[in-house]
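# Per-entry structural report
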Amino acid sequence: MVPPVAGSHDDYDQMSDVPVRTQHRGAPDFMDLCEADVRTDWFMLTNSYHHVARHVDLMFTPGTFKPVIPFTPATYPFCFKFPYCKETINLAQRINPGHDKVV
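Residues numbered from 1 in each chain as written. Predicted model: local features only at pLDDT ≥ 70, side-chain atom pairs only at ≥ 80, totals over all residues. Heavy atoms only, no water.

## Remarks on the overall build of the chain
To keep things clear, this is the line we draw: A run of H or I in DSSP counts as a helix once it spans at least four residues, and a run of E counts as a strand once it spans at least two, with each numbered from the N terminus. A simple rule labels every residue: compare its accessible area, found with a 1.4 Å probe on the protein chains alone, to the largest value its type can have, and call it buried under 20%, exposed over 50%, or partly exposed in between. Should any heavy atoms of two residues lie within 4.5 Å, those residues are counted as being in contact. Note on areas: Shrake-Rupley, 1.4 Å probe, and residue coverage restricted to the protein chains presented here.
Each helix and strand in the chain was counted, giving three helices and two strands. Start at the N end of the chain and walk to the C end: the helices and strands fall as α-β-α-α-β. Of all 103 residues assigned to the chain, the portion counted as buried reaches 13%. Summarising the internal contacts of the chain: among those between residues at least 6 apart in sequence, 32% fall at separations of at least 24. Surface exposure of the chain reaches about 8,600 Å², of which carbon and sulfur atoms provide 60%.

Right, dumping it as structure tokens:
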């Protein structure tokens, strides 16, 4: 995701072995994940504050090739003793009552 004033290039595929596509953001940068025009089952999002290395190793589970996503269990030592984390879980459980992780 790049700001509207940033230039866009069509040659990103020549800069990396990973398929790269740019998208200009139409909302504040904290909304990038919500605004991204995702066209694949799996994706990685970065913004103009980061540089993607020429070579990246993506983490997948053996055999099933599902992406590995780091998370924190929604338990007292890891989450509930922090008010912001507890509120995040409470809000998530409104949508998914079984929600028990913070990503």
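## Some details on the pattern of salt bridges
Operational definition: The salt bridge definition used is simple: a Lys or Arg side-chain nitrogen within 4 Å of an Asp or Glu carboxyl oxygen.
Summed over all chains, the structure comprises two salt bridges. The closest approach of N and O atoms between R39 and D37, which form a salt bridge, is 2.9 Å. The exposed category is assigned to R39, whose relative accessible area is 61%. In this structure, D100 engages K101 in a salt bridge whose closest nitrogen and oxygen atoms are separated by 2.9 Å.

## Focus on the nonpolar core
Selection criterion: The definition of a nonpolar core used throughout is a set of buried Ala, Val, Leu, Ile, Met, Phe, Trp, Tyr and Cys residues joined through side-chain atoms within 4.5 Å.
Among the nonpolar cores identified, the biggest contains five residues, and these are A74, C79, C85, I89 and V102. For C79, the residues in contact, after removing those within four places along its chain, are P73, A74, C85, K86, I89 and V102.

## Topic: the packing of aromatic side chains
Here is the rule: Ring pairs are drawn from Phe, Tyr and Trp, using the six-membered ring of Trp, whenever the two centres fall within 6.5 Å, and their geometry is named by plane angle: stacked under 30 degrees, edge-to-face over 60, tilted for the rest. Only Lys NZ and Arg CZ are tested; either one counts as a charge over a ring when it is within 6 Å of the ring centre and within 35 degrees of the ring normal.
Enumeration according to the criterion identifies one aromatic pair in this entry. Considering the side-chain rings of F82 and Y84, the 6.0 Å spacing of their centres and the 35° angle between planes classify their relative orientation as tilted. F82 sits in the partly exposed class, given a relative accessible area of 31%. Under the relative-accessibility criterion, Y84 is labelled exposed at 61%. When the ring centre of F71 is taken as origin, the NZ or CZ atom of K101, which lies over that ring, is 5.4 Å away.

## Describing the environment of V56
Mapping V56 onto the fold places it in the loop between α1 (32-35) and β1 (72-73). Residues V56 and D17, 39 residues apart in the sequence, show an inter-C-alpha distance of 8.6 Å.

## Details of helix α3 (residues 83-95)
Our working definition: Multiplying 1.5 Å by the residue count of a helix minus one yields the expected span of that helix. Note that the arc is computed from the directions linking the helix axis to the C-beta atoms.
Here α3 contains 13 residues, and its C-alpha end-to-end distance of 19 Å stays within 8% of the 18 Å for a straight helix at 1.5 Å per residue. Of all the residues in α3, the buried ones are C85, I89 and A92. For α3, the angular spread of the buried residues around the axis is 65°, confining them to a single face. When the buried face of α3 is taken as reference, the exposed residues oriented beyond 90 degrees from it are P83, Y84 and R94.

## Remarks on a nonpolar patch on the surface
Heads up, the rule is: Nonpolar side chains (Val, Leu, Ile, Met, Phe, Trp, Tyr) are joined into patches within 5 Å and like charges within 9 Å, using only residues with over 30% relative accessible area and no salt bridge.
The grouping of M44, V52, L58, F60 and F65 at the surface amounts to a nonpolar patch, some 520 Å² of accessible area in total. Positionally, F60 belongs in the loop between α1 and β1.

## Things to note about the environment of I89
Considering the arrangement of structural elements, one finds I89 in helix α3. Counting along the chain gives 13 residues from I89 to V102, while the straight-line C-alpha distance between them is 7.3 Å. In this structure, I89 is in contact with A74, C79, F80, H99, K101 and V102, ignoring residues within four places of it in sequence.

Honestly, that's just the spatial picture; any functional story needs more than this.
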